[in-house]
Amino acid sequence: MTVPIAKLSFWGVRGSTPTVDPATWRFGGNTPCLELTAPDGTQFILDCGTGLRMLGSRWGTPNGGGNHETHIFVTHYHWDHIQGIPFFSPLYAENNEFHFYSFRSKFLGRDSLKQVFEAQMALPYFPVDMSAMNAKRKFKEVEGGDIFNIRENKITAKWLNHPQGCLGFRIETPAGTVVYATDNEPGDPKLDESLRELAAGADILINDAQFTPEQMGTTRKGWGHSSWKEGVKLAREVGAKTLVLFHHDPDSTDRMVDSLLRQAREEFDSVFAASEGMVITLGAAGDNVQAHMPGTRTSLRREAQFRAKVTGVTEGGKEFQEETVVRDISLQGALISLQNMPQLQSELQVTMQTPGEDGLQSSMRLKGYVVRIDAGAEKGQIAVGVVFTD
Ligand SMILES: [Zn+2]
Ligand SMILES: [Zn+2]
């Protein structure tokens with residue numbers, strides 16, 4: 001018997017507006033777009049932020065979607081959640097078919113999402129008009145409280161607390177349950193309760209973590225967003241297994257997101273900060289939830305043989321120190337063989353021996369951030385990819 005497996009991919013994780021500055025490169029600058037492939041092959045897309053373009057450009061590849069039935073849930077109509085639509089190339093191919101789900105906005109009335117499409121592509125905002133979009137598109141209105149099935153998957157929609165309204169979605173697949181709750185501000189008792197119902201027992205809870213707890217109480221109160229602390233509180237209350245911090249503020253540098261993640265990890269066991277290219281599999285034998293970052297955007301690489309000393313913390317929370325060899329290096333990071341398995345998204349101290357002047361050894365100390373773990377590539381060794389942050 002094969003085990004049902006679902007795959008969740010993060011194509012855009014930034015909130016409000018895309019960022020391109022180098023200080024936000026590691027977590028990524030595209031706005032919200034997630035893809036969930038259920039065990040029955042049904043493909044779900046959650047939000048159509050600028051990350052959708054990347055998903056579209058992988059469409060033709062073996063793992064890039066294609067012949068599936070695709071259902072697209074749009075949480076609300078703020079720019080950061082719809083901006084990728086005109087740039088999603090599969091919409092221009094005749095033999096594709098998409099089912100869109102979103103709510104009727106009181107500002108737009110009937111066929112809200114269809115109107116959004118048309119308005120976005122009206123001249124002079126975009127060079128081609130709607131007639132170029134040849135894929136079949138079906139629009140369905142959903143609202144908070146709706147429950148429906150798509151093949152073997154059960155979908156629940158609930159209202160969240162956000163200016164002009166927003167929907168959260170719960171997708172129950174035979175491999176596990178994913179809850180997508182972004183663009184939400186806690187504090188409305190009724191909507192807080194409805195979010196708890198939505199998130200109950202989730203295997204993966206993707207939660208708005210745009211602001212710091214301090215900002216939430218002061219300058220960003222009423223902006224419709226949440227913090228890592230509220231996410232941890234919710235995850236505990238509803239018994240969610242893994243929490244994913246999402247919708248990073250455009251003004252949060254990678255260092256700032258690192259710090260939010262570190263604080264959240266002090267209070268909850270399984271937390272990740274959503275990162276562009278990150279893939280989480282659900283339902284795999286042995287470990288229910290596994291995170292990978294296979295598509296790390298790397299630059300020029302060179303094979304190398306640097307002796308190095310590495311200190312870090314294992315997945316089990318134990319500190320380790322070992323001597324190894326750095327096998328390949330780029331300006332941004334390196335691939336290191338280790339016997340200990342560090343935690344994904346944790347920090348390692350890497351001290352490399354470099355031949356100094358006059359044949360004397362000198363050393364180079366770098367802070368490496370774990371972006372990739374490949375177990376079993378070599379017997380007894382784990383290949384660990386790090387990005388240097390210092
Ligand atoms: Zn947003
Ligand atoms: Zn919003």
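Relevant structure appears above.
Residues numbered from 1 in each chain as written. Chains lettered and ligands numbered in written order. Predicted model: local features only at pLDDT ≥ 70, side-chain atom pairs only at ≥ 80, totals over all residues. Heavy atoms only, no water.

A few points about the packing of helix α4 (residues 189-199) against helix α6 (residues 228-238)
Here is step 1: In the contact formed by α4 and α6, the axes pass within 9 Å of each other and the chain directions differ by 60°. By the angle between their axes, α4 is oblique relative to α6. Judged by the twist between their axes, the crossing of α4 over α6 is right-handed. Two secondary-structure elements touch here, α4 through Leu 195, Arg 196 and Ala 199 and α6 through Leu 234, Glu 237 and Val 238.
Here is step 2: Among the residues making up the contact of α4 with α6, the classes are represented as four nonpolar, no polar and two charged. (Axes fitted to C-alpha atoms, helices over the stretch in contact; angles between N-to-C directions. Helix = DSSP H or I, 4+ residues; strand = E, 2+ residues; numbered from the N terminus. Parallel < 35°, antiparallel > 145°, perpendicular 65-115°, else oblique. Left-handed = near helix turned anticlockwise from the far one by under 90°. Contact = heavy atoms within 4.5 Å. Nonpolar A, V, L, I, M, F, W, Y, C, P; charged D, E, K, R; others polar.)

Details of the coordination of the zinc ion (ligand 2)
Here is step 1: Those donors, His 76 (NE2), His 78 (ND1), His 162 (NE2) and Asp 183 (OD), are the protein atoms that reach the zinc ion (ligand 2), and they lie 2.1 to 2.5 Å from it.
Here is step 2: For the zinc ion (ligand 2), the four donor atoms in the first shell make angles of 89 to 176° at the metal, a pattern classed as irregular.
Here is step 3: Here the zinc ion (ligand 2) and the zinc ion (ligand 1) are spaced 3.5 Å apart, with Asp 183 acting as a shared donor. Residue His 78 is located in the loop between β4 (70-73) and α2 (79-82), and its partner His 162 is located in the loop between β8 (153-160) and β9 (166-173); the two are separated by 84 residues in the primary sequence.
Here is step 4: Its relative accessible area of 25% is what places His 78 among the partly exposed residues.
Here is step 5: Overall, the relative accessible area of 9% leaves His 162 in the buried class. (Donors = N, O, S within 2.8 Å, 3.2 Å for Na, K, Ca; no water. Tetrahedral: all angles 85-135°; square planar, octahedral: opposite > 155°, others 65-115°. Buried < 20%, exposed > 50% of the residue type's maximum accessible area, 1.4 Å probe, protein only.)

Brief notes about the sheet that holds strand β10 (residues 176-181)
Here is step 1: The seven strands are arranged β7-β8-β9-β10-β11-β12-β13 in an open sheet whose pairing can be described as mixed. Each edge of the open sheet is held by one strand with a lone partner, namely β7 (147-150) and β13 (271-273). In this sheet, neighbouring strand axes are inclined to one another by 20° on average, regardless of whether the strands run parallel or antiparallel.
Here is step 2: Pairing between β9 and β10: five bridges, direction antiparallel. (Pairing = 2+ DSSP bridges.)

A few points about helix α7 (residues 254-267)
Here is step 1: Its 14 residues give α7 an end-to-end C-alpha distance of 20 Å, which sits within 8% of 20 Å, the value for a rise of 1.5 Å per residue.
Here is step 2: Among all positions in α7, only Asp 254, Val 257, Asp 258, Leu 260, Leu 261, Ala 264 and Arg 265 are buried. Taken end-on, α7 shows its buried residues confined to a sector of 165°, consistent with a single buried face. (Expected span 1.5 Å × (residues − 1). Arc of directions from axis to C-beta.)

With respect to the coordination of the zinc ion (ligand 1)
Here is step 1: Around the zinc ion (ligand 1), the protein contributes the donor atoms Asp 80 (OD), His 81 (NE2), Asp 183 (OD) and His 247 (NE2), which lie 2.1 to 2.3 Å from the metal centre.
Here is step 2: Around the zinc ion (ligand 1) sit four donor atoms, and with donor-metal-donor angles ranging over 93 to 165° the site reads as irregular.
Here is step 3: Since its relative accessible area comes to 1%, Asp 183 is described here as buried.

Some words on the sheet that holds strand β5 (residues 97-102)
Here is step 1: Ordered by their spatial adjacency, eight strands build an open sheet running β6-β5-β4-β3-β2-β1-β14-β15, and the pairing between neighbours is mixed. Unpaired on one side and paired on the other, β6 (136-141) and β15 (289-292) mark the two borders of the sheet. Mean inter-strand twist for the sheet, computed between neighbouring axes without regard to direction, equals 20°.
Here is step 2: Together, β5 and β6 form the strand contacts of helix α3 (residues 112-120), whose direction differs from that of β6 by roughly 135°.

Here we look at the packing of α6 against α7
Here is step 1: Interaxial distance between α6 and α7 falls to 9 Å at its minimum, and their mutual angle equals 25°. For the element pair α6 / α7, the angle class is roughly parallel. Crossing handedness for the pair α6 and α7: right-handed. Taken together, the residues of α7 that come into contact with α6 (itself represented by Trp 228, Lys 229, Val 232 and Arg 236) are Leu 260, Gln 263, Ala 264 and Glu 267.
Here is step 2: A breakdown of the residues in the contact of α6 with α7 according to their chemical character gives four nonpolar, one polar and three charged.

Quick word on the packing of aromatic side chains
Here is step 1: Taken as a whole and assessed by the stated rule, the structure comprises 18 aromatic pairs.
Here is step 2: Aromatic ring contacts, followed pair by pair, group Trp 59, Phe 88, Phe 98, Phe 100, Phe 117 and Phe 139 into a single cluster.
Here is step 3: Its guanidinium or amino end placed over the ring of Tyr 369, Arg 26 lies 4.0 Å from that ring's centre, counting from NZ or CZ.
Here is step 4: We note Lys 140 situated over the ring of Phe 148; from NZ or CZ to the ring centre the distance is 5.1 Å. (Phe/Tyr/Trp six-rings, centres within 6.5 Å; stacked < 30°, edge-to-face > 60°. Lys NZ or Arg CZ within 6 Å of the ring centre and 35° of its normal.)

Notes on the nonpolar core
Here is step 1: Formed by 79 residues in total, the largest nonpolar core has its most connected members in Phe 10, Phe 73 and Ile 206.
Here is step 2: In contact with Ile 206, not counting residues within four places along its chain, are Leu 8, Phe 10, Leu 34, Val 178, Val 179, Tyr 180, Ala 181, Thr 182, Val 244 and Phe 246.
Here is step 3: Formed by 29 residues, the second largest nonpolar core is a distinct cluster that contains Phe 27, Ala 235, Val 238 and Leu 243. (Core = buried A, V, L, I, M, F, W, Y, C linked by side-chain atoms within 4.5 Å.)

As for the layout of surface pockets
Here is step 1: Looking at the largest pocket, its volume works out to about 960 Å³.
Here is step 2: For the largest pocket, the lining is made up of 36 residues, of which Arg 265, Phe 272, Glu 315, Gln 343 and Leu 344 are closest to its centre.
Here is step 3: Listing elements by their share of the lining of the largest pocket, those giving two or more residues are α7, β13, β15, β16 (301-313), β19 (347-355) and β20 (361-378).
Here is step 4: With five residues, α7 is the largest single contributor of residues to the lining of the largest pocket.
Here is step 5: Class assignment of the residues belonging to the lining of the largest pocket gives a composition of 13 nonpolar, 14 polar and nine charged. (1 Å grid on protein atoms, 1.4 Å probe; cavity = no way out; pocket = protein on both sides within 12 Å on 5 of 7 lines; lining within 4 Å. Points joined across faces, edges and corners; volume = space filled by probe spheres on them.)

Topic: the environment of Gly 385
Here is step 1: By secondary structure assignment, the location of Gly 385 is in strand β21 (residues 381-388).
Here is step 2: The class of Gly 385 is buried, set by a relative accessible area of 8%.
Here is step 3: Distance from Gly 385 to Ile 329, taken between C-alpha atoms, is 9.7 Å for residues 56 residues apart in sequence.
Here is step 4: With sequence-adjacent residues up to four places away left out, Gly 385 is seen in contact with Ala 334, Leu 335, Tyr 369, Val 370, Val 371 and Arg 372.

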